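This is what each chain is made of:
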Amino acid sequence: MITFDDIVKVYPGGGTAVDHLSLELPTGKITVLVGPSGCGKTTSLRMINRMVSPTSGRVLIDGRDVAEQDEAVLRRGIGYVIQHAGLFPHRTVLDNVATVPMLLGRSRREARAAAMELLERVGLSTEFAGRYPAQLSGGQQQRVGVARALAADPPIMLMDEPFSAVDPVVREGLHREFLRLQQDLGKTIAMVTHDIDEAIKLGDLVAVFREGGHLAQFGTPRELLEQPVDEFVAEFVGRDRGIRSLSFDTAAELAVRPPADAALDGVELVLDASGRPAGWRRAAEPESLLATGGSFTGTDSLRLVTDLAISSPVGIAVRVGPDGKADGIVRHHDLVDYLAARRDHRPAKPTP
Amino acid sequence: MINYLSNNSDTVLSALRQHLYLALLPILIGIVVSVPIGYLGVRFPWLYHPLVNTCGVLYSIPSLALFVFLPVILGTKILSPINIVVALSIYTVALLARTVADGLRAVDRTVVQSATAMGYRRFRRLVDVELPVALPVILAGLRVATVSNISLVSVGALIGVGGLGQLFTRGFQLFYLEPILVGIILSVLVAGLADLAIVLVQRAVTPWTRYQHGNGGAS
């Protein structure tokens, strides 16, 4: 557990970067510090490995004040990933990853063997081992950065805008791998980002900062979306937070109608030979088949169901079973009723 | 010229040997002195500009003047090779200290920062990360200093210690072209070879620079 205990950081010029911050980052979880630029999130992050020292207050790791520990030794036990990876341009990928184990006094052979394993772990083929950072794409460099931070198996990882410098498609992939990795490793992670969507997607807990180093709200992503404490958080979280909060619920409890009920809307769900949805046919135009645009299963999110219902040409989302066969439909109206009931924490039933 | 060389091989060889010694010893001294000075110029940013200015002034002192005045300052004999070695060491430092400082300043801030965050202490970070990354810049400066030294040694001939430069003075005294030609050719050859040697060393120790500037060939 990382504890910020009444931290204040005032710069010599008089600006307050962090204003009486008290925060607990639980062990084994991802805590994201998010906020507009100049809100003190990066400054706070860097206090954990003593890259910045607070004006007053203490930072504790598992109850031990970091200020009382040797800087270099402390840092070797904390992984650190930054925006452009900060790889050493003069070292091969393998030797970059082997850096901290070598600092810890392990032999070059041992360190390199461990590094090789990590490269695969972060999704890089070992053929990259002998290349130099300049030979890699931004996304690959970022992966090496993560591998390097993990090399000495530190219990804590600090990540400062780790995914900001790569394009959205690559970022998406890195997010997925990052979450998968964290599921295996269970590190205590503190991450800084200015991107609230990233914070909500990756964080177990999210700390929203506002200008002047104030902590505006600290809670789960769901709490932020559904119960923002004030206008600032509501606005920062974004306009479509209602839709986004639907990501947190699965469609498991959503009641569906039999596919034949599509007749209520004057359409018919056409199935292929194996019972999978093939398209919609309107009673008025029996010649043309409209695409379904996708289907959902019970484990998909309500957000996907809503999106399917809205984008469907007939306003109906199709549920499929594990075998891919259509086993139910959700009409626009049913969904609206369900969402209304969900708001009141009551499961809804379709009305005939 | 072949005749001259075969008749005077001892003279030419000893001149060449002295030339190499007088040019390269100051390079070694210069490197040893420049790295800490250049580092100080980065470690304490307020030192950088005074450092650059001092280097500029030192390098602008005419070599002959330095050769003549150093014995007075150092208390050495006017014909002592130490004068040349010290003078050329000063020029080397003037060129290299600034290059070292510039090279270290040009190291990507995020690289230094991530080294620190990984648990490098200051000295090891300098040796393991900052200096190696600054090496291409430093070696470029070293090439200039080396070629400059090799040509400056000849000036020493005017005060009696000048390696291949002595072949010039001898040729002028005797109105004899051959030693002058041999001196010039050998001097240029030595400068060219020394430069080439540094380029080869640079290739060997900084293989990563071949991929810089975005021509990486990432898959």
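Values in this document were obtained by computation on a predicted structure and should not be read as measured data.

Definitions and cut-offs
- Residues numbered from 1 in each chain as written.
- Chains lettered and ligands numbered in written order.
- Predicted model: local features only at pLDDT ≥ 70, side-chain atom pairs only at ≥ 80, totals over all residues.
- Helix = DSSP H or I, 4+ residues; strand = E, 2+ residues; numbered from the N terminus.
- Buried ≥ 20, exposed ≤ 12 C-beta atoms within 10 Å, placed from the backbone.
- Contact = placed C-beta atoms within 7 Å.
- Pairing = 2+ DSSP bridges.
- Domains from an automatic or database assignment.
- Axes fitted to C-alpha atoms, helices over the stretch in contact; angles between N-to-C directions.
- Parallel < 35°, antiparallel > 145°, perpendicular 65-115°, else oblique.
- Left-handed = near helix turned anticlockwise from the far one by under 90°.

S.K.: Give a detailed account of the overall build of chain B, specifying residues and quantitative values.
M.R.: Secondary structure summary: chain B contains nine helices and zero strands in total. Once the C-alpha set of chain B is aligned to its principal axes, its extents read approximately 65 × 45 × 25 Å. Across the 219 residues that make up chain B, the buried fraction comes to 37%. Taking the contacts inside chain B whose residues are at least 6 apart along the sequence as the reference set, 71% of them involve residues at least 24 apart.

S.K.: Tell me about the pairing of strand β9 (residues 205–210) of chain A, residues and numbers included.
M.R.: Residue and element names in this part refer to chain A. Counting buried residues in β9 gives five out of six residues, a clear majority hidden from the surface. Taken together, the four bridges between strand β3 (residues 30–34) and β9 define a ladder with parallel strand orientation. Bridge pairing links threonine 31 to leucine 205 in β9. In the sheet, β9 pairs with strand β10 (residues 214–219) via five bridges, with the strands oriented antiparallel. Residue valine 206 lies in a different strand from β10, and its bridge partner there is glycine 219. Two successive antiparallel strands, β9 and β10, enclose a turn made up of three residues, where glycine 212 displays a positive phi of approximately 85 degrees.

S.K.: For the domain arrangement of chain A, give the residues involved together with the corresponding values.
M.R.: One can read the domain layout of chain A as domain 1 (2–248) and domain 2 (251–343). One C-alpha centre belongs to domain 1 of chain A, the other to domain 2 of chain A, and the line joining them spans 41 Å.

S.K.: Quick one: what's the story with the sheet that holds strand β4 (residues 56–61) of chain A, residue by residue and with numbers?
M.R.: Residues and elements named next belong to chain A. Strand order in the open sheet formed by four strands is β2-β1-β4-β5, and the pairing between neighbours is antiparallel. The open sheet is flanked by β2 (16–25) and β5 (64–65), the only strands paired with a single partner. Here two bridges tie β4 to β5, and the two strands are oriented antiparallel to one another. Residue pairing for β5: leucine 60 is matched across the bridge by aspartate 65. Strands β1 (2–10), β2 and β4 of the sheet are contacted by helix α1 (residues 41–48), whose axis makes an angle of about 125 degrees with β1.

S.K.: Report on unusual backbone geometry, specifying residues and quantitative values.
M.R.: Residue and element names in this part refer to chain A. Residue aspartate 6 is not a glycine yet carries a positive backbone phi of 50 degrees. For aspartate 6, the position within the fold is in strand β1. Owing to 11 C-beta atoms within 10 Å, aspartate 6 belongs among the exposed residues under this scheme. Look at aspartate 153: it is not a glycine, yet its phi comes out positive at around 50 degrees. Inspection of the secondary structure assignment puts aspartate 153 in the loop between α6 (138–150) and β7 (156–160). The exposure class assigned to aspartate 153 is partly exposed, which follows from the 13 C-beta atoms found within 10 Å.

S.K.: Describe helix α8 (residues 165–174) of chain B, and please don't skip the residues or the numbers.
M.R.: Within α8(B), burial applies to Gly165(B), Gln166(B), Leu167(B) and Phe168(B). Residues of α8(B) that are buried make contact with α2 (9–43), α7 (122–153) and α9 (177–205) of chain B.

S.K.: Residue-level account of the packing of helix α3 (residues 48–60) of chain B against helix α5 (residues 81–105) of chain B, with values.
M.R.: Packed helix pairs are specified by the crossing angle of their axes together with the interaxial distance, meaning the distance between the axes. Residues and elements named next belong to chain B. One way to put it is that α3 packs onto α5 with a least axis distance of 8 Å and a crossing angle of 150 degrees. When the interaxial angle is binned, α3 and α5 end up roughly antiparallel. Taken as a pair, α3 and α5 cross one another with a handedness that is left-handed. Residues Tyr48, Leu51, Val52, Cys55, Leu58 and Tyr59 of α3 pack against Ile90, Tyr91, Ala94, Leu95, Ala97, Arg98 and Ala101 of α5.

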